[in-house]
Amino acid sequence: MNRLANFCAGPATMPTEVLQKAQAELLDWRGKGTSVMEISHRSADYIEIATKAEQDLRTLMGISDDYAVLFLQGGASLQFSAIPFNLLNGGTADYLNTGTWSQKAYKEAKRYETLGLGSINLVAQGGGKDVPTPDTWELTDGASYFHYCPNETIHGVQIFDTPKVNAPIVADMSSCILSEPINVSDFGLIYAGAQKNIGPAGLTLVIVRKDLMERASAWCPSILNYKNQADSDSMLNTPSTFAWYLSGLVFEWLLANGGVEGIAKTNRAKAELLYQVIDNSSFYDNAVNPRHRSIMNVPFTLADSELDKVFLEKSKNAGLLNLKGHRVVGGMRASIYNAVTYEQVQALADFMKEFEKTHA
Ligand SMILES: *Cc1c(COP(=O)(O)O)cnc(C)c1O
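Predicted, not measured: the structure shown is a model, and the values here were computed from it.

Undergrad: Could you give an account of the overall build of the chain, naming the residues involved and the relevant values?
TA: In terms of helices and strands, the chain carries 9 helices and 14 strands. Seen through its principal axes, the chain has C-alpha atoms that stretch 60 × 60 × 30 Å. Expressed as a percentage of the 360 residues in the chain, the buried residues total 55%. Averaging the locations of the 31 positively and 39 negatively charged side chains of the chain gives two centres separated by 3 Å.

Undergrad: Can you lay out the domain arrangement of the chain for me, pointing to particular residues and giving the numbers?
TA: In terms of domains, the chain is made up of domain 1 (17–256) and domain 2 (258–359). One C-alpha centre belongs to domain 1, the other to domain 2; they are set 27 Å apart. Contacts between the two partners involve 27 residues from domain 1, matched on the other side by 26 residues from domain 2. Both faces considered, domain 1 and domain 2 share a buried interface measuring about 2200 Å² in area, 57% of it formed by carbon and sulfur atoms. Of all residues in domain 1, Lys129, Ile154 and Phe160 bury the most surface against domain 2, accounting for 22% of the area lost on that side. If you look at where domain 1 meets domain 2, you find 1 salt bridge. Notably, a salt bridge pairs Arg268 with Glu180, separated by 2.8 Å at the nearest N-O pair. The interface formed by domain 1 and domain 2 contains 13 residue pairs in polar contact (both at pLDDT 80 or more). Every element with two or more residues in the side of domain 1 that touches domain 2 is listed here: strand 7 (157–158) and helix 6 (241–256). Of all the elements, helix 6 adds the most residues to the side of domain 1 that touches domain 2, at 4 residues.

Undergrad: A description of the pairing of strand 2 (residues 67–72) should follow, citing residues and the corresponding values.
TA: Of all 6 residues that make up strand 2, 6 are buried, and the element is covered over most of its length. Where strand 2 lies against strand 10 (residues 204–209), 6 bridges are found, and the strand directions are antiparallel. Among the inter-strand pairings, Tyr67 is bridged to a residue of strand 10, identified as Arg209.

Undergrad: For the packing of aromatic side chains, give the residues involved together with the corresponding values.
TA: Tallied over the full model, the rule gives 17 aromatic pairs. A centroid spacing of 5.8 Å and a plane angle of 70° characterise the contact between Tyr95 and Tyr145, whose relative ring orientation is edge-to-face. With Tyr95 in strand 3 (residues 92–97) and Tyr145 in strand 5 (residues 145–148), the pair connects residues that are 50 residues apart, well separated along the chain. Exposure remark for Tyr95: the relative accessible area of 1% places this residue in the buried category. Seen in terms of ring centroids, Phe300 and Phe311 are 5.9 Å apart; in terms of plane orientation they differ by 75°. Their pairing is edge-to-face. On the criterion of sequence distance, the pair formed by Phe300 in strand 12 (residues 297–302) and Phe311 in helix 8 (residues 308–317) is long-range, its members being 11 residues apart. Here Phe300 matches Phe311 in class, with each residue buried. Three or more aromatic residues link up through ring pairs in this structure, and these residues are Phe283, Tyr284, Phe300, Phe311, Phe351 and Phe355.

Undergrad: Let's hear about the nonpolar core: which residues, and what values?
TA: One finds Phe146, Ile177, Leu178, Ile207 and Phe251 to be the most contacted residues of the largest nonpolar core, which totals 57 residues. Looking at which element gives the most residues to this core, the answer is helix 6, with 9 residues. Composition of this core by domain shows at least three residues from each of domain 1 (17–256) and domain 2 (258–359). Apart from the residues within four sequence positions on either side, Leu178 is in contact with Leu57, Leu60, Met61, Asn197, Ile198, Phe251, Leu254, Val260, Ile263 and Asn338. Counting residues in each nonpolar core, the second largest holds 30 residues, with Ala82, Tyr106, Val170 and Met213 among its members.

Undergrad: Please provide a residue-by-residue account of the UniProt feature "binding site: L-glutamate" (unreviewed entry) in the chain, values included.
TA: Under the UniProt annotation, "binding site: L-glutamate" (unreviewed entry) lies at Arg42. Here Arg42 shows up in the loop between helix 1 (16–24) and helix 2 (44–61). Once you skip the residues sitting within four places of it in the chain, Arg42 turns out to touch Ile47, Met235 and Leu236.

Undergrad: Tell me about the site of the ligand, and name the residues and values.
TA: Taken together, 13 residues surround the ligand, and among them Ser77, Thr153, Asp172, Gln195 and Lys196 come closest. Residue Thr153 places a side-chain N or O atom 2.4 Å away from an oxygen atom belonging to the ligand. Between a nitrogen atom of the ligand and a side-chain N or O atom of Asp172, the distance comes to 2.6 Å. Per-element tally for the shell around the ligand: the top contributor is helix 3 (residues 75–87), with 4 residues. Residue classes in the shell around the ligand are distributed as 4 nonpolar, 7 polar and 2 charged.

Rules used throughout
- Residues numbered from 1 in each chain as written.
- Predicted model: local features only at pLDDT ≥ 70, side-chain atom pairs only at ≥ 80, totals over all residues.
- Heavy atoms only, no water.
- Helix = DSSP H or I, 4+ residues; strand = E, 2+ residues; numbered from the N terminus.
- Buried < 20%, exposed > 50% of the residue type's maximum accessible area, 1.4 Å probe, protein only.
- Lys, Arg positive; Asp, Glu negative; His and termini not counted.
- Charge placed at Lys NZ, Arg CZ, Asp CG, Glu CD.
- Domains from an automatic or database assignment.
- Contact = heavy atoms within 4.5 Å.
- Buried area = accessible area lost by both parts, 1.4 Å probe.
- Salt bridge = Lys/Arg side-chain N within 4 Å of Asp/Glu carboxyl O.
- Polar contact = N/O pair within 3.5 Å; in protein donor to acceptor, adjacent residues only side chain to side chain.
- Pairing = 2+ DSSP bridges.
- Phe/Tyr/Trp six-rings, centres within 6.5 Å; stacked < 30°, edge-to-face > 60°.
- Core = buried A, V, L, I, M, F, W, Y, C linked by side-chain atoms within 4.5 Å.
- UniProt positions renumbered as here; feature names shortened; annotations may be inferred.
- Near = heavy atom within 4 Å.
- Nonpolar A, V, L, I, M, F, W, Y, C, P; charged D, E, K, R; others polar.

Next up, the structure:
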């Protein structure tokens, strides 16, 4: 077996144990003579898988019965549209922009103004290196909801404290869900594409407070309607059955490995390793305000961008994959999600120090 350290931002690496389990039962799931991906989503066997995955997620995140947990498709990007359709309710929604993803969510929501569905208000505009301080936010009294992205995957900007606002908080947690304990009851809605910190692409999680599911506009397509989806256990149409099953295996893996509290300690330590190398060097740089440095996505630049190609080539040869930064930011980016091990990050930190010695 030759599984290398994979720092891809998404679709991201999965825990090896999970892939091995899936491999072992791929052809013949639990002696049923068929693969999980070949059975009806309405069969008792599949419903058992689906229900168990939801229960395990509820345990991991401490999600109460006041919330519905939906296993949907369309990625986080479809939620950019689904959210205003379901929650705007003729009012004004507040959007905090701190990087590429919150900006995209804002732009998509803005389109709904033309339908006369309500208003979209920009609370503050960040530049991708810092977060505008709350005293500069222009909040709407009685806003339908407040939208933000706790972890900007591309810029590596993270907001660790849940914003203190009066409206229901809607959070795009695509790249930080399950990385650290959170208080779900602080949120009105949490959504996340699975392919960063959960499982394979094709599955999108939505955790929504039940009372908020009653507000959908008449225009809302039924497949995007949270209430419809909750009433049919996310099976209004055929769900991403295999991705749902694999995510369930990831939840089991997390529960067996100390849960979110356990993985959070490792995640902090992993990020610390890389930021230390960066800060102890004049060769590497990370321009994000240290208070908002992401523990999941660590972007960094080299003193001379001419060396980027060499860095990528040599790191690849050393078994450290997918370190190229997003084209918006340039340089490098190490995505160190739950499934990336401490040892793999240590290997990257060692490689960076060695590379600096030979090229600075
Ligand atoms: C990757 C990502 C998205 C886009 O997810 P899709 O599932 O591809 O639509 C949105 N928001 C954040 C924070 C992301 O990291």
